[in-house]
Amino acid sequence: MKQFFKFVFATMLGVVLTTVVLAFVIVGIIVAASSEKEVEVEPNSVLHMAFTTPITERTPNNPLAGLSFLGLNSDKSTGLNDILANIKKAKTDPNIKGIFLDESYMTSGQATTEEIRNALINFKKSGKFVIAYSEIYTQGFYYLASVADKVYMNPKGIFEFTGFSQQVTFLKGALDKLGIEVQIIKVGTYKSAVEPLFLTKMSEPNRLQVTSYLGSLYNHFLTGISKSRGINKDSLFNYANNGRIQFPEDALKLKLIDGLKYKDELLDELRKRTGKGKKEDIASVDLDEYTKSKTDGNTDDDNSSKNRIAIVYASGDITGGQGDDNSIGSERISKAIRKVRLDNKVKAVVLRVNSPGGSSLASDVIWREVALTKKVKPIIVSMGDYAASGGYYISCAADSIFAEPNTITGSIGIFAVLPNMQKLFNDKLGVTFDGVKTGKYADLGDVSRPLTPEERAILQNNVNHGYDDFTKAVAAGRGKTQAYINSIGQGRVWTGAQAIKIGLVDRLGNINDAIASAAKKAKLKNYNLVSYPEQKSFFKQLDSDVTGQMKTKMLKSELGDNYRVYEQIKGLTQIMRSPQARLPYEIVIK
């Protein structure tokens, strides 16, 4: 027994000591990270831009970014807010000679790419160079790179230029094998979010809308490249449609790129442009480092002003509760809007929306705060990659709405999903249920049996009521009749370029355009920009981030390419809880 207690004590002491040491290590790393000095940019430097991870709306609050801990990588990522700010700063920074767009995959949405692309176009007005280089040009990265002064690629590289496509994964066959019937209650001919659950291919209305918005996106893509490269748009269409670009030499011959270079040759050109000798190192600064560099004081904002414009970031799926930087919790976002509405120093608000929608109830909670804010101060919406369904719901009450031409928006519709798992339980698993209830509808929503006609009518009535509220809100916010909103609603998805023609959007523009509009409406010349809601501290994020990363890493290693299907199924389980105002499935354009 004595040996036993000695062993237990030694084990406990080891655990305590390990925990203490680990805590000191983590605190040391955080202190070191948080005490980083201001970055000094050398004269004749190149701003190095490479996008290898999805671009979030705001740079994550993570002092351990770029470090590896317990086998988990904490990616260094710069949010769109800092990317745009850095390009703007580099334009007037005498130490920045030009920008180098390094090979990137641009996994972010098209509107995000559009904002960066337009910022680069503005940067070029300074007379400084932009050079792009890659071994593999995806269509997304090429669209960004096409504005560069020179576009180069590896002589043995890959150039993708084949047109846009979109594929939907249908789950009905798998659900049938499991004995699960999905009971659908919806409003909207085009509200196709639930189609993967009860169809094996696209419905004709859905095929019509996908063809329409995909064509709009592709037209904008070709128009942009045509303008930046000086190539006829019809010629670009034919290049892709006829498979004209199979090798790097083809892209060079057709003037889509300016040269074929190996990396060493590209670096030699950068040396020449920055006045360096062949054996000298190129002075460069990465995006995340440049964020910490000092500015020259030449900014549009007067930091001494007491007037403020608040930017409220609403990004991700819309749910109840708090949410985080990657999800829109109705409690957190409505609280942030309420806070800026009551703050007398805040003279105008920009609501930045990047969301495919979610809970219709949570969307309505946020909509209410936007509508109240509009009564007391200007509120302008800036749409990102998505502002659809619930994302449009929370936007529609604003004074005006800005979107990029390739923003995905609209999808005004409501649906609910309830699985009937009777066959799975009874026939597949041999499980049966029995019970007692005090009323006819006491077990409404029980997944162990099908809905009765009366129960289905109740749920349909709820969804109809939600759609009526949605279209009324949009009609009031946009100054249209409810009948008109219903005619362009029905769950149909539109691009920003299409939405402006039918009155769902006021102007095409980026977040800076929305800020300028807010300032003009509030009659402000000098102001400070303040961001809401406050980002969680690193310590609050640490536990959930580490746990989430471990789960994700294990699942990805087991499922491989099927992980995306898992994510889709996981998402579908979320929509079975309450009526949804959500985009039709995940829109992935290749």
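Calculation criteria
Residues numbered from 1 in each chain as written. Predicted model: local features only at pLDDT ≥ 70, side-chain atom pairs only at ≥ 80, totals over all residues. Heavy atoms only, no water. Helix = DSSP H or I, 4+ residues; strand = E, 2+ residues; numbered from the N terminus. Contact = heavy atoms within 4.5 Å. Areas by Shrake-Rupley, 256 points an atom, 1.4 Å probe, with all protein chains shown as cover. Axes fitted to C-alpha atoms, helices over the stretch in contact; angles between N-to-C directions. Parallel < 35°, antiparallel > 145°, perpendicular 65-115°, else oblique. Left-handed = near helix turned anticlockwise from the far one by under 90°. Polar contact = N/O pair within 3.5 Å; in protein donor to acceptor, adjacent residues only side chain to side chain. pLDDT = per-residue confidence, 0-100. Buried < 20%, exposed > 50% of the residue type's maximum accessible area, 1.4 Å probe, protein only. Pairing = 2+ DSSP bridges. Patch = residues over 30% accessible without salt bridge, like charges linked within 9 Å, V, L, I, M, F, W, Y side chains within 5 Å. Salt bridge = Lys/Arg side-chain N within 4 Å of Asp/Glu carboxyl O.

**Some remarks on the overall build of the chain**
Phase 1 of the analysis: Check the secondary structure of the chain and you find 21 helices and 23 strands.
Phase 2 of the analysis: Intrachain contacts of the chain at a sequence separation of at least 6 include 76% that bridge at least 24 residues.
Phase 3 of the analysis: Approximately 29300 Å² of the chain is accessible, and the part contributed by carbon and sulfur atoms is 54%.

**Concerning the environment of lysine 480**
Phase 1 of the analysis: Relative to the helices and strands, lysine 480 resides in the loop between α16 (453-478) and α17 (482-488).
Phase 2 of the analysis: With 23 residues separating them in the primary sequence, lysine 480 and glycine 503 have C-alpha atoms 8.5 Å apart.
Phase 3 of the analysis: Contacts of lysine 480, omitting those with residues within four sequence positions, involve Ala475, Ile485 and Gly503.

**Examining the packing of helix α3 (residues 110-124) against helix α7 (residues 204-229)**
Phase 1 of the analysis: For the pair α3 and α7, interaxial distance at closest approach is 12 Å and the crossing angle is 20°. Taken as axis vectors, α3 and α7 run roughly parallel relative to one another. In this structure, α3 meets α7 at a crossing whose hand is left-handed. Facing Gln110, Glu114 and Arg117 of α3, the residues of α7 in contact are Leu217, His220, Gly224, Ile225 and Ser228.

**Concerning the side chain of asparagine 354**
Phase 1 of the analysis: Looking at the element boundaries, asparagine 354 is found in strand β14 (residues 346-355).
Phase 2 of the analysis: One polar contact links the side chain of asparagine 354 to the main-chain amide nitrogen of aspartate 385, over a distance of 3.4 Å.
Phase 3 of the analysis: Residue contacts for asparagine 354: discarding those within four places in its chain leaves Glu57, Ala314, Ser315, Gly316, Gly384, Asp385 and Tyr386.

**Description of the confidence of the model for the chain**
Phase 1 of the analysis: Taken residue by residue, the chain gives an average pLDDT of 87. The fraction at 70 or more is 81%.
Phase 2 of the analysis: Scored below 50 in pLDDT, residues 31-35 shows one contact in the model against residues more than four places distant or in partner chains.
Phase 3 of the analysis: Predicted confidence for residues 68-74 stays below pLDDT 50, and this span has 16 contacts to residues more than four positions away or in other chains.

**Topic: the pairing of strand β19 (residues 414-420)**
Side-chain direction in a regular strand flips from residue to residue, so the side chains alternate between the two faces of the sheet.
Phase 1 of the analysis: Counting buried positions over the seven residues of β19 gives seven, a clear majority of the element.
Phase 2 of the analysis: Side-chain alternation along β19 places Ile414, Ala416, Leu418 and Asn420 on one buried face and Phe415, Val417 and Pro419 on a second face that is also buried.
Phase 3 of the analysis: Taken together, the seven bridges between strand β7 (residues 181-187) and β19 define a ladder with antiparallel strand orientation. Pairing of isoleucine 185 across the sheet is with alanine 416, part of β19.

**Points about a nonpolar patch on the surface**
Phase 1 of the analysis: A contiguous nonpolar surface patch, about 290 Å² in accessible area, is contributed by Leu429, Val431 and Phe433.
Phase 2 of the analysis: Mapping valine 431 onto the fold places it in the loop between α15 (422-428) and α16.
Phase 3 of the analysis: Accessibility expressed as a relative area gives 32% for valine 431, which makes it partly exposed.

**Quick word on the environment of phenylalanine 164**
Phase 1 of the analysis: Considering the arrangement of structural elements, one finds phenylalanine 164 in the loop between β6 (150-159) and α5 (172-178).
Phase 2 of the analysis: In this structure the C-alpha to C-alpha distance between phenylalanine 164 and phenylalanine 221, which are 57 residues apart in sequence, comes to 9.6 Å.

**A closer look at the pattern of salt bridges**
Phase 1 of the analysis: Enumeration over the complete set of coordinates arrives at 20 salt bridges.
Phase 2 of the analysis: For the salt bridge of aspartate 102 with lysine 263, the shortest nitrogen-to-oxygen distance reads 3.8 Å. With aspartate 102 in the loop between β4 (96-101) and α3 and lysine 263 in helix α10 (residues 263-273), the pair connects residues that are 161 residues apart, well separated along the chain.
Phase 3 of the analysis: Since its relative accessible area comes to 10%, aspartate 102 is described here as buried.
Phase 4 of the analysis: The salt bridge partner of glutamate 269 is lysine 261, with a shortest N-O separation of 3.6 Å.
Phase 5 of the analysis: One salt-bridge network, in which partners are shared between bridges, spans Lys437, Asp443, Arg449 and Glu455.

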